Each structure stands twice: as structure tokens, then as C-alpha cells.
Amino acid sequence: MIPKVDKLGRYGEFGGRYVPEALMGALGELETAWTDAWAEGGFRTELNDLLAAVVGRPTPLYDAKRLSERVGARVLLKREDLAHSGAHKINNTVGQVLLAKRMGKTRIIAETGAGQHGVATATAAAYFGLPCVVFMGAVDVERQHLNVVRMELLGAQVIPVTAGSSTLKDAVNEALRDWVTNVEDTHYVLGSVVGPHPYPEIVASLQEVIGEEARRQCLQMIGELPDEVVACVGGGSNAIGLFRGFYDDDEVRLVGIEAGGEGGGGPHGASITKGTPGVLHGARSLLLQDDDGLIAHAHSISAGLDYPGVGPEHAALAHSGRATYESATDAEALDAFGVLAETEGIIPALEPAHAIAYLLRSKPKGNILLGLSGRGDKDVETVAAALLRAKQ
Amino acid sequence: MTALLEHLESVRSAGRKIFVPYLMAGVPDRDTFTALLACEEADAIEVGLPFSDPLMDGPVIAAAGERAIADGIGPLDAIDLVGAAPKGGPLRLAMTYYNPIHRLGEEEFCRRLADAGISGLIVPDLPVEESDSLMEHAGTHGLAWVPLVAPTSSAERVKKIAATATGFVYAVSTMGVTGVRESLSERSSRVVEACRVATDLPVLVGIGVSTPEQAFEAASTADGVVIGSATVKRAMEEGRAAVETFFKEIRAALG
Ligand SMILES: Cc1ncc(COP(=O)(O)O)c(C=O)c1O
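Only a predicted model underlies this, so the values are computations on that prediction, with no experimental measurement involved.

Visitor: Please explain the sheet that holds strand β9 (residues 228-232) of chain A as it appears in this structure.
Guide: Strand pairing in a sheet relies on backbone hydrogen bonds, with the paired strands running either antiparallel or parallel. Residue and element names in this part refer to chain A. If you trace the six strands from one edge of the open sheet to the other, you get β3-β4-β14-β9-β10-β13, paired in mixed fashion. At either end of the open sheet lies a strand with only one pairing partner, and these are β3 (61-63) and β13 (323-329). Adjacent strand axes in the sheet meet at a mean angle of 25 degrees when their direction is disregarded. Across the sheet, helix α9 (residues 199-222) lies against β3, β4 (74-79) and β14 (367-372), angled at about 140 degrees from β4, the strand it touches most. The strands touched by helix α14 (residues 350-362) are β4, β9, β10 (253-261), β13 and β14; relative to β9, the strand with the most contacts, the crossing angle is about 140 degrees.

Visitor: How do you make sense of the pattern of salt bridges when you look at a structure like this?
Guide: Oppositely charged side chains can pair when the atoms bearing their charge come close. For the structure on display, the rule yields 43 salt bridges over all chains. As a salt-bridge pair, B:Arg12 and B:Glu9 come within 3.0 Å of each other at their nearest N and O atoms. Here B:Glu9 and B:Arg12 lie together in helix α1 (residues 3-13), a separation of three residues that amounts to about one turn. Of the charged contacts, one joins B:Glu129 and B:Lys160 as a salt bridge, the two residues approaching to 3.8 Å between their closest N and O atoms. Of the two residues, B:Glu129 is situated in the loop between β4 (120-122) and α7 (132-140) and B:Lys160 in helix α8 (residues 155-162); the sequence distance between them amounts to 31 residues. Exposure remark for B:Lys160: the relative accessible area of 46% places this residue in the partly exposed category. Ionic contacts of the salt-bridge type, sharing partners, join the residues A:Glu21, B:Glu129, B:Arg157 and B:Lys160 into one network.

Visitor: Quick question: what am I supposed to make of α1(B) here?
Guide: Counting along an α-helix, one turn takes 3.6 residues, and residues three or four places apart therefore face a common direction. All names here are of chain B. Taken together, the buried positions of α1 are occupied by Leu4, Leu5, Leu8 and Val11. Down the axis of α1, the smallest arc covering the buried residues is 120 degrees, so these residues share one side. Its buried side turned inward, α1 meets β1 (18-24), β2 (44-48), β3 (91-95) and β5 (144-145). Downstream of α1 by one or two residues, Gly15 has phi in the positive range, about 80 degrees.

Visitor: Just to check I follow, could you spell out the interface of chain B and chain A for this structure?
Guide: Interface size is commonly expressed as the accessible area that is lost once the parts come together. Each partner contributes residues to the interface: chain B has 36 residues there, and chain A has 34 residues. Interface area lost by chain B to chain A is led by B:Asp53, B:Leu55 and B:Arg103, which between them contribute 24%. At the surface where chain B touches chain A, the tally comes to five salt bridges. For the pair chain B and chain A, the number of links is 20 residue pairs in polar contact (both at pLDDT 80 or more). At the level of secondary structure, the elements contributing two or more residues to the side of chain B that touches chain A comprise α3 (59-70), α4 (75-84), α5 (98-104), β6 (148-149) and α8 of chain B. Sorting elements by how many residues they give to the side of chain B that touches chain A places α5(B) first, with five residues.

Reading guide: rules and limits
Residues numbered from 1 in each chain as written. Chains lettered and ligands numbered in written order. Predicted model: local features only at pLDDT ≥ 70, side-chain atom pairs only at ≥ 80, totals over all residues. Heavy atoms only, no water. Pairing = 2+ DSSP bridges. Helix = DSSP H or I, 4+ residues; strand = E, 2+ residues; numbered from the N terminus. Axes fitted to C-alpha atoms, helices over the stretch in contact; angles between N-to-C directions. Contact = heavy atoms within 4.5 Å. Salt bridge = Lys/Arg side-chain N within 4 Å of Asp/Glu carboxyl O. Buried < 20%, exposed > 50% of the residue type's maximum accessible area, 1.4 Å probe, protein only. Arc of directions from axis to C-beta. Buried area = accessible area lost by both parts, 1.4 Å probe. Polar contact = N/O pair within 3.5 Å; in protein donor to acceptor, adjacent residues only side chain to side chain.

See the structure below:
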């Protein structure tokens, strides 16, 4: 069963719109504007031109020969790391800022975890000449410092958030608070397939381009569909974008990889494999929480997967069995980070390194399509520190 | 008619304005919180149940919730704390985000509130479209339903929302989160008027009412006020005596 969004913004039993009344008007307005734009040739043409000229699409499909030898299966990498600003996030931000312009909004805000979505939003805002404010957990400001500098260079104001766990979850809260206050002139560019309806559907639609291209490129390159499609899952936008290209191809296995964190009984970010149903950031989905319904602090070495929730469409995919989900630990991701660098000369972001780690561990057979969602410049310091700790 | 509505109507027909202070459960500490529940100036007390991700709340109430959680008071402990307080004093209503309700189950959550002697329920992140089943359980357990109306709610929505109220209608005076503000939003009276068109139930202004002057001004159009951050700030920073003095000032201003 393939989850299709209904009128209330639900994917099966997940999704919906659980927000303060003050946001209901704005979400309704956004839904209408989005539905109109997406159905309209003019918007799509303008967006496609931007994806080519600004983002550099299509991104290549890359035949990872030496990695394939290590894994024992043919591995094709969908190179979102080569998209402008270094990750898939820009597919979404260019589309949403274009929409914001159409809606007459004059100010852009965003949350960010790894900083990639913040950088991508700042990039799009600079391109369109709109002021941009990015909320980022104080812990992430620290560990993704390079991206903070990039956002500031791009003219964005970065606001560190010190509430709760001082990571992505808290940055989303703060962005939503800003949006409630300034909703009339501000568009909130949410960075993943999470949040209240229509955000999960907007972001998924804007990321679909990854799967469309990859499917076509795969048929061209190897003459058949992949046996398995693998992507890392934080909120789940790069994975949904890739998976959607293959929903109707029943024989293609879809596998999402979550953050296993410290492993053992330690903290993690695996909301699908270890979470329970709940409501966070405006949607019903699977999440990490305690018996009182307080949201747990997630943990991952990668800031982009350090989130206690996941998009409702993933929860529905998991529920229906159309996709399966596994996790990789911090240590496995670090190891995979090094393997991809050495075998292919590609330094990946720590987020997709989790997906690589899954390949190295489970050694699937056949042709594997893997979403390489971003590049790893931002993580070099984190990795160096972790390697140093491991040596001591 | 719910017990809360009956009580508020009696205040209204006596020609008095309704005062509902907000307290975060267990803040600044369990004993002080329990003592404040008995305050004589209030017509009802809104008790915030601590939550990890309080979207509607500004820095003051968010910090109070964090303190409560750090003290080991989760939303269910908060209900128990209210249940353990001496009976009598103003009626109590619970303000909680939806996830703790979802986690325990709507029916069981309402039962626990009622068992703790709580008379009403406010859930700021549950829009009218999603609230049917919870409202039903609340009704079964004698809990008054208190929905929120925002400055951006259309006339049509105000009507739909107000129709669900069985306690009072909570008119949010300003766009944004809870917090202490310099002045009352000029939108306050417009929201109240929009509610008046839709309902005969009491309409209380909340969010951004922080001083006796603002309370007086808000109550010139509304039936009363809810005062949150300004109360919680005093509880956190100055303690019980300061809160009680503040309550007296508000009461005096409201008449
Ligand atoms: C490179 C990269 N991959 C993946 C993610 C996780 O997000 P999502 O699951 O929405 O793709 C991030 C988030 O910051 C990222 O920067």
C-alpha cells in the first residue's frame, strides 16, 4: 500500500495538523497557494529552470566500482552531494522560497540541524533577495560551525536555541514560535517531510525530483531497476524524495536507515524502529517519548539525524510494509565515512554515511541505489575529533 | 451545564469580572504551588502541565516547565499534585499540550483529571478539526472544554470553535506565544467582539495580559482575563508573597 495524503493531511493514520489556532489560517493559506502553484505549468517551469541553473540538476548517478567490491553488490550513488550548497536540501528551499515570493511574503525563516537546510535556505533567500533568519540548536551551532559561517556569509542571521536538548527539535519549536508571531509577512521554510499539513507534502513533492532522475538514470546506466533503494532518514526528506520514484515498482525494496546513535541501550535517533505513535511539531507520527508523553532527547553523531521524530509518510510506509527501516550506529557511520572517502574519493556527510554503513554491514545482493544526500565538509572536524577519541 | 460554566456565570451575573491566573504545576516548588491554588482572588486557576516542547509558550512559561520537569514533575505527576492539594478554593482547569493525552489515551487522561478534582481542559495545540473525541471524553467526565480563538481566526472558524465551548472561550489577544508585553494588543477588543457574535458564554482574554492596567483594559470588553507569564515570572523569581500581592492588584483593578 502506498500512502497518499488525504484532505486532512493524513497518510493513513499519520500526519494531520496539530497546531495552535493562530497558525490554522496560515496553514490553510499555504495549502491553497501550494496546490495552485503545483498544479500550474508556469510555477513548474520556473522551478525546473531554477533547479537546472541554480541547483545544477540533474545530479549524476555514479557507479561506485571500488565501494561495490567492498560491499559485494553493485552500488550506484545518487549524487545529491553535488547539488549546489552541498546537499539535497536545496531542492526544497528553492521551491519554497519561490512559493513564498508568489505569496507575497517578505521574510524567510528556517530551522536547521546539520546546517545544510539553513545554508540551502540562506542560499535561496539570497538568490531571491529576501531577508532570512535561521534557528539552530546551540549544540549544533558548535558541531556544525562551518555551516554557521556559511549562513552568515550568505546574509542570514543565525539564532542559537538553548531550550530543551539544544538541537534540531528545539530549533523547530523556536521557528514555529517565530512563525506564530510574524505569520503575516513571513514564510517558514521547513526543512524536512515533517510538521503540520501541508509541509510534509510540499517538501516531499519538491524532493521527488531525486527519485524521478535516479530511476531514469538507473534504467539508462544498467538497463534495469535497482533491487534495493537505500537512504538515511532524519526527518526523512531525502529518503522520501528517492523512494517516491519507486513506489509503484513493487519488486524494488525500499530501505530507510535511521541513527542508531551509541548503540546497545544508549541514546539514538531511531524513531521508526524504536519509537511509538505520538504528536510532535504538528503531526501524528512515530517518535521517541517517555511514558508521560514527554519527548525524549535524541542522539546521533550526525546533527541531521539527531531528531526524535520522523515524517508521517515514513511512519505510514513502515506501517504498510512498503518500506523497511534499520539503523546504523555512530561508530558504524564513522567507519563508513572513511570507507567511502578511501574507496571512491568522496567525503560524504555523516547522515548518508549511515546508509553506507548499512551496506557494509548487511551486504545486500543485486543492484543497490543509494541516496548520497550530502557532502561531508561540515563534518570533518567532528570526524577528526571522534577519530582522536577512538585512538586515545 | 459544567460546574465551571455555572460558577463563571454566577460571577458574571454578580457584576464581577472573572480572574483566572495561570500557574505552572510544581513551580516554584510543590508546597508554594499547592498554597497558591487556594488563593482567594481567583475565580478559577489554570494549571499548566509541564511539557518538553511547549510550542505556544514564550521564555517565561517554557523555563517554568523545564524547571518542573527537572524537579521530576511530568504531566501525570502534575495531575497527582493537584489531586493531593486540599479541596476547596477556586476551581481548577488543566492546560496541557496534546501529546501527553495521546500517550495515555484520551479517555484515561480525562478520568485522571476528573479524579484529581479538575473541572476543565485547555489543549492549545489541538485545533477544532481534531478535537471531537477528546471533547466527548471531557464531557463524560464533567470537564469543561475551553477552546482558543486567535486574532486570525475567520468569522466562520470563530463560530465553529465557540460552539464547542462548555466553560468559556479563550480569546488570544495577540499573535505569538505567551509572554509579558508592554501593552495590550489593539487586536484584543476585536477578538473579543468576534467571539461575542458567536457565543453567549463568558469570553476571557489571555496571552499578553501582564499588568493590572492591561487587565482593566481587557476586561472593559471581555468578561475577564487569564494572566500567565506575569504570574509565573513572579513565582519563579520572587516567590509566594509577590504572587499573592500581584493577585490582589489584579483583583483590585478588575473590580
Ligand atoms: C546531508 C544530509 N542528509 C540527510 C539529512 C537528514 O534529513 P532528511 O531525513 O530530511 O533527508 C540532512 C539534514 O540535515 C543532511 O544534511
